[in-house]
Amino acid sequence: MSRVLRLDLSGTPTSWLSCEDAAVLYVKELVKWELGKKNVIMLGGINRISGEQSFLEISPVIATKGDINHRRRTTGFNNQMLFRRDNYQCMYCGIQYTHVDLTRDHIIPRSKGGKDIWENVVAACRRCNQFKADRTPEEASMELLAVPFRPNIFESMFLAQRTVLADQMEYLERQFSGNRDWKAA
């Protein structure tokens, strides 16, 4: 089942919700506007008098009021997001790999003061990472194929979710930085 992209009232993404959590927001009348084709219908109980079953249609993108103090401006930083940012491609040899065949490479090695931040890490195959070892790309005579960057909140929300629906992607990609060309899964 797909997840629902939750926005604050200004349109900034705050989280991915389960359909059940989104339904709670609808019932509490916290959903102020929504986007996209309502692709999920949740069935409720049957009215004893009319015999009709209640239902709730849920949009793939909803903007809500309330609970905004708990929102996260950036999502976590992990290998899955890193590899997805780099399109599962080694940033040294350019070959695409599966998740299990990639490693996190620190451009400036941690032993030389490099930090574990978006701007200092890239996806690298095991061969390239071992060859580079504890050196900078310049010291190892290796060229980076792309400059690493910190994703903005819209890109982070895309990277954090494995399956992104077309309506959600259309909303998110309007605010992408242009550093990469991403497509919905």
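The structure under discussion appears in the preceding block.
All figures in this text were calculated on a predicted structure; none of them were measured in a lab.

Tell me about the pairing of strand β7 (residues 102–106), and please be specific about residues and values.
Among the five residues in β7, four count as buried, and that is most of the element. The sheet contact formed by β7 and strand β8 (residues 121–125) spans five bridges and is antiparallel. Considered in β8, the bridge of H106 is made with V121.

Give a detailed account of the nonpolar core, specifying residues and quantitative values.
Formed by 22 residues in total, the largest nonpolar core has its most connected members in L5, F158 and L172. At the level of secondary structure, the elements contributing two or more residues to this core comprise β1 (4–7), β6 (61–64), α2 (79–85), β8, α4 (153–160) and α5 (166–173). With five residues, the top contributor of residues to this core is α4.

An account of the packing of aromatic side chains is requested, with residue identities and associated values reported.
For any two aromatic rings, the description comes down to two numbers: the centre-to-centre distance and the angle of the planes. Applying the stated criterion to the full structure yields three aromatic pairs. Taken together, a centroid distance of 4.6 Å and an interplanar angle of 50° make the contact between F77 and W118 tilted. Of this pair, F77 sits in the loop between β6 and α2 while W118 sits in the loop between β7 and β8, placing them 41 residues apart in sequence. With relative accessibility at 4%, the residue W118 sits in the buried group.

Explain α4 to me, using residue names and the numbers behind them.
The buried count for α4 comes to seven of eight residues, which makes it a mostly enclosed element. If you check which residues of α4 are buried, you get I153, F154, E155, S156, M157, F158 and L159. Taken together, the buried residues of α4 touch β1, β2 (13–17), α2 and α5.

Tell me what's going on with the state of the cysteines, and back it up with residues and numbers.
Applying the stated rule across the entire model yields zero disulfides. The cysteine C125 is free of any disulfide, with C128 supplying the nearest cysteine sulfur at 3.5 Å. What makes C128 buried here is its relative accessible area of 7%.

Report on a nonpolar patch on the surface, specifying residues and quantitative values.
Judged by side-chain polarity, L9, W33 and L35 come together as a nonpolar surface patch covering roughly 240 Å² of accessible area. Within the element layout of this structure, L35 appears in strand β3 (residues 31–35).

I'd like a rundown of the pattern of salt bridges, residues and numbers included.
Summed over the entire model, instances satisfying the criterion amount to seven salt bridges. A salt bridge links D116 to R104; its shortest N-O distance comes to 2.8 Å. With a gap of twelve residues between them, D116 in the loop between β7 and β8 and R104 in strand β7 connect regions that are remote in the sequence. On the accessibility criterion, D116 (32% relative accessible area) is partly exposed.

How would you explain the sheet that holds β1 if you had to name every residue and give the values?
As summarised here, the arrangement of the four strands in space is β2-β1-β6-β3, forming an open sheet in which the pairing is mixed. Two strands close off the open sheet at either side, each with one partner strand: β2 and β3. With direction set aside, neighbouring strand axes in the sheet form an average angle of 25°. The pairing of β1 with β2 spans four bridges and is classified as antiparallel. In the strand pairing of β2, L5 is matched with W16. The sheet contacts of α5 involve β1, β2, β3 and β6, and relative to β1 the element is tilted by about 35°.

Calculation notes
Residues numbered from 1 in each chain as written. Predicted model: local features only at pLDDT ≥ 70, side-chain atom pairs only at ≥ 80, totals over all residues. Heavy atoms only, no water. Buried < 20%, exposed > 50% of the residue type's maximum accessible area, 1.4 Å probe, protein only. Helix = DSSP H or I, 4+ residues; strand = E, 2+ residues; numbered from the N terminus. Pairing = 2+ DSSP bridges. Core = buried A, V, L, I, M, F, W, Y, C linked by side-chain atoms within 4.5 Å. Phe/Tyr/Trp six-rings, centres within 6.5 Å; stacked < 30°, edge-to-face > 60°. Contact = heavy atoms within 4.5 Å. Disulfide = S-S within 2.5 Å. Patch = residues over 30% accessible without salt bridge, like charges linked within 9 Å, V, L, I, M, F, W, Y side chains within 5 Å. Areas by Shrake-Rupley, 256 points an atom, 1.4 Å probe, with all protein chains shown as cover. Salt bridge = Lys/Arg side-chain N within 4 Å of Asp/Glu carboxyl O. Axes fitted to C-alpha atoms, helices over the stretch in contact; angles between N-to-C directions.

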